[in-house]
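These are the residues of each chain, in order.
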There are 2 protein chains.
Amino acid sequence: MMNISDKELGEMEKGYRATMINSLPGFKCLQLVGTMSENGHSNLGIFNSIFHLGASPALLGMIFRPDSAHHDTLKNIERTGLYTFNNVTESFYQKAHQTSARYPSGCSEFVECGLTEFFIPEFEVPFVAESTVKIVLKLCEVIPIKANNTTMVIGEIAHILLSENLIGNDGYIDHQKAKTVTVAGLDAYFNADLVARLHYAKPNLEPSIMEKFKR
Amino acid sequence: MMNISDKELGEMEKGYRATMINSLPGFKCLQLVGTMSENGHSNLGIFNSIFHLGASPALLGMIFRPDSAHHDTLKNIERTGLYTFNNVTESFYQKAHQTSARYPSGCSEFVECGLTEFFIPEFEVPFVAESTVKIVLKLCEVIPIKANNTTMVIGEIAHILLSENLIGNDGYIDHQKAKTVTVAGLDAYFNADLVARLHYAKPNLEPSIMEKFKR
């Protein structure tokens, strides 16, 4: 076992430390975030600091870094109040990763990275056509985080678009069937392989596997 | 393609909706959080709303729900300022899931769920011995979220404990080698299988795979 103290962390070379800390907590929730600029230009960025906040109301959170390549995304969300989450699959993960490059403001990452815009009449905000699970969010709350000058953005789910065969009898969405990938660190992409779904845990009851959801 | 509007979401049966919304964003970062009570009792809870905030300072965030089975965890963190993150592997994911049961305050989930406490001299807070990546966090900031009465807790990484062979030349921590599992929704556990690591993305440069990190 190796012990790494906060002092040793502080003395690490900057890139080494960034790679280590980014990969430390394990697999993360990955989404392509679609927005629309003031001039009606589509914008797309990849984010991996996304988290569930609650089901009722249905809220998702995400973090923006002050030095992000995705400064246009936050500006567009604050201006229009609308954005989309689009899952990433193995068939286009390299194009999704490419959206993290620092394209000049006004360039559409859809065009630059070879992904396809998709719209529905109800919302003036772009989806990624290649994604198998698409979500529209309405801006709900913006919270500045003092600790490191990042910004937390909370959105309420306004619309979901996905194939019916991804939804189980109990509402469970099957991301292995959707071919959703996950990410560790900033650049390591993974497929996920079901171990099992477990029943709701109660004291004095042994953990147990749902029969229909085991490998 | 199936369209689900916010109106339809609002009309769903509560359990169905919770399962759908929890599984909607895909794979999530999973950690067992270890704390110590006022009376010196160990406490352990499973969390899946964990996210990277920054590498310098090294900060991780997590969300507490107001109705959580883990009310002791937040209380302990606020009292002691210390907590641990411990990854979950396939070898004990059922025990990890069992910590989500509502045990009475004062019960140790280590004992109830069959997991092993582990301490190092520098910190009075329990790790999970079975975990292959262990982190100590010092409380940094507590932020109340108005949108749904949840609480965001930010911690700074104070110590890391892991096997040296999990760390790559560039600082990358290999969670597939660590056998870390990921979760979708509240109860679906997955192993991760590397697709590839990609090089840092730049405009006018094609996405490319790191030779040492492809399947």
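What you are looking at is a predicted structure, and each value in this text was computed from that prediction instead of being measured. Along each chain, numbering runs from 1 in the same order as the chain's sequence is written. Numbering of ligands from 1 and lettering of chains from A proceed in the order in which they are written. This being a predicted model, a pLDDT of at least 70 is required before a residue's local features are given, and a value of 80 or more before pairs of side-chain atoms are given or counted; all residues contribute to the totals for chains, interfaces and linings. With hydrogens and water excluded, all non-hydrogen atoms of the structure serve as input to the side-chain values.

Description of the overall build of chain A
- Of the regular secondary structure elements, chain A holds 5 helices and 13 strands.
- Whereas a compact globule of 215 residues would reach a radius of gyration of roughly 17 Å, chain A reaches 19 Å, a difference of no more than 12%.
- Judged by the C-alpha coordinates and their principal axes, chain A covers about 60 × 50 × 35 Å.
- Among the 215 residues that make up chain A, the fraction classed as buried is 61%.
- Contacts are residue-level and defined by heavy atoms, with any inter-residue pair within 4.5 Å sufficient. Across chain A, every contact between residues at least 6 apart in sequence was considered, and the portion connecting residues at least 24 apart equals 56%.
- Each accessible area value is a Shrake-Rupley result obtained with a 1.4 Å probe; residue values ignore everything except the protein chains displayed when judging cover. Surface exposure of chain A reaches about 8700 Å², of which carbon and sulfur atoms provide 51%.
- For chain A, the distance from the average site of its 19 positive side-chain charges to the average site of its 24 negative ones is 4 Å. The helix and strand labels rest on DSSP assignments: H or I over at least four residues marks a helix, E over at least two residues marks a strand, and numbering proceeds from the N terminus. For the radius of gyration, the atoms used are the C-alpha atoms, and the globule rule reads 2.2 Å times the number of residues raised to 0.38. Relative accessibility under 20% of the residue-type maximum defines a buried residue, over 50% an exposed one, and the middle range a partly exposed one, all with a 1.4 Å probe and only protein chains included. Positive charge is attributed to Lys and Arg, negative charge to Asp and Glu, and no charge count is given to His or to the chain ends. Where a charge lies is defined by one atom per residue type, namely NZ (Lys), CZ (Arg), CG (Asp) and CD (Glu).

Notes on the pattern of salt bridges
- Any carboxyl oxygen of Asp or Glu that lies within 4 Å of a side-chain nitrogen of Lys or Arg is treated as forming a salt bridge with it. This structure, assessed with the given rule, holds 10 salt bridges over all chains.
- Where aspartate 187 of chain B meets arginine 197 of chain A, a salt bridge forms, and the shortest distance between an N and an O atom there is 2.8 Å. Of the two residues, aspartate 187 of chain B is situated in the loop between β12 (182–184) and β13 (188–198) and arginine 197 of chain A in strand β12 (residues 188–198); the pairing between them involves two chains. Across this residue pair, the class does not change: aspartate 187 of chain B and arginine 197 of chain A are buried.

Considerations on the relation of the copies chain B and chain A
- With an RMSD of 0.0 Å, chain B superimposes on chain A once it is rotated by 180° and translated 0.0 Å along the axis. On the angle and the small slide along the axis, the relation comes out as a two-fold axis.
- Comparing interface residues between copies, 99% of those in chain B also lie at the interface in chain A; the contact surface is shared. Our superposition of the copies is a least-squares fit, built on the C-alpha atoms of residues whose pLDDT is at least 70 in both.

Re helix α2 (residues 14–23) of chain A
- Within the sequence span of α2 of chain A, burial applies to Arg17, Met20, Ile21, Asn22 and Ser23 of chain A.
- Against β1 (2–5) and α1 (6–11) of chain A together with β5 (50–55), β6 (58–64) and β11 (150–162) of chain B lie the buried residues of α2 of chain A.
- Here a polar contact is taken to be a pair of N or O atoms separated by no more than 3.5 Å, where protein atoms must pair a possible hydrogen donor with a possible acceptor and residues adjacent in sequence count only if both atoms sit in side chains. Put simply, glutamate 13 of chain A is the residue that caps the front of α2 of chain A, since its side-chain oxygen is 3.0 Å from the backbone nitrogen of glycine 15 of chain A.

Notes on the interface of chain B and chain A
- Listed as interface residues are 105 residues of chain B and, on the opposing side, 104 residues of chain A.
- Between chain B and chain A, roughly 9200 Å² of surface is buried when both sides are summed, and carbon and sulfur atoms account for 62% of that area.
- By the criterion of area lost to chain A, the three top residues of chain B are Leu24, Phe27 and His52 of chain B, representing 8% of everything that side buries.
- In this structure, the connection of chain B to chain A is made through 2 salt bridges. By buried area we mean how much accessible surface two parts lose on assembly, using a 1.4 Å probe and totalling the loss over both.

Quick notes on the packing of aromatic side chains
- Ring geometry is summarised as follows: Phe, Tyr and Trp rings, the Trp one being its six-membered ring, pair when their centres sit within 6.5 Å, and such pairs are stacked at plane angles under 30 degrees, edge-to-face over 60 and tilted between the two. Tallying each qualifying case throughout the model produces 13 aromatic pairs over all chains.
- A ring pair is formed by phenylalanine 51 of chain A and phenylalanine 51 of chain B, whose centres lie 3.8 Å apart and whose planes are at 10°; its orientation type is stacked. Here phenylalanine 51 of chain B lies in strand β5 and phenylalanine 51 of chain A lies in strand β4 (residues 50–55), a pairing that spans two chains. Exposure class is identical for phenylalanine 51 of chain A and phenylalanine 51 of chain B. Each is buried.
- For the ring pair tyrosine 93 of chain B and tyrosine 189 of chain B, a centre distance of 5.3 Å and an interplane angle of 50° mean the geometry is tilted. Of the two residues, tyrosine 93 of chain B sits in helix α4 (residues 93–98) while tyrosine 189 of chain B sits in strand β13, which places them 96 residues apart along the sequence.

Things to note about the side chain of asparagine 76 of chain B
Residues and elements named next belong to chain B.
- Topologically, asparagine 76 is positioned in helix α3 (residues 71–80).
- Overall, asparagine 76 belongs to the buried group, its relative accessible area being 5%.
- Setting aside anything within four residues of it in sequence, one finds asparagine 76 in contact with Thr35, Met36, Ser37, Glu38, Asn43 and Gly81.

Regarding the UniProt feature "domain: Flavin reductase like" (unreviewed entry) in chain A
- Under the feature "domain: Flavin reductase like" (unreviewed entry), the UniProt entry names residues 32–168 of chain A.
- A distance of 24 Å separates the end C-alpha atoms of residues 32–168 of chain A, which is 15% helix and 47% strand. UniProt positions are given in the numbering used here, feature names are shortened, and annotations may be inferred rather than shown by experiment.

Let's talk about helix α3 (residues 71–80) of chain A
- Along α3 of chain A, the residues classified as buried are Asp72, Thr73, Leu74, Asn76 and Ile77 of chain A.
- Where α3 of chain A ends, the next residue or the one after it, glycine 81 of chain A, has phi of about 75°, a positive value.

What to know about the side chain of lysine 134 of chain B
- In this structure, lysine 134 of chain B sits in strand β10 (residues 133–145).
- In this structure, lysine 134 of chain B is buried with no salt-bridge partner, the nearest side chain bearing the opposite charge being glutamate 130 of chain B at 7.7 Å.
- When near neighbours in sequence (up to four residues on either side) are disregarded, lysine 134 of chain B contacts Met1 of chain A together with Phe85, Asn86, Phe118, Phe127, Val128, Ala129, His159, Ile160 and Leu161 of chain B.

Here's the deal with the environment of glycine 61 of chain A
Residues and elements named next belong to chain A.
- Relative to the elements of secondary structure, glycine 61 occurs in strand β5 (residues 58–64).
- Overall, the relative accessible area of 1% leaves glycine 61 in the buried class.
- A C-alpha to C-alpha distance of 6.8 Å links glycine 61 and methionine 152, two positions 91 residues apart in sequence.
- Once residues lying within four places of it in the same chain are set aside, the contact partners of glycine 61 are Ser49, Ile50, Phe51, Leu53, Val153 and Ile154.

Quick look at the environment of proline 207 of chain A
- Locating proline 207 of chain A in the fold gives a position in the loop between β12 and β13 (209–214).
- For proline 207 of chain A, a relative accessible area of 23% translates into the label partly exposed.
- Those residues in contact with proline 207 of chain A that sit more than four places away from it in its chain are Gln94 and Gln98 of chain B.

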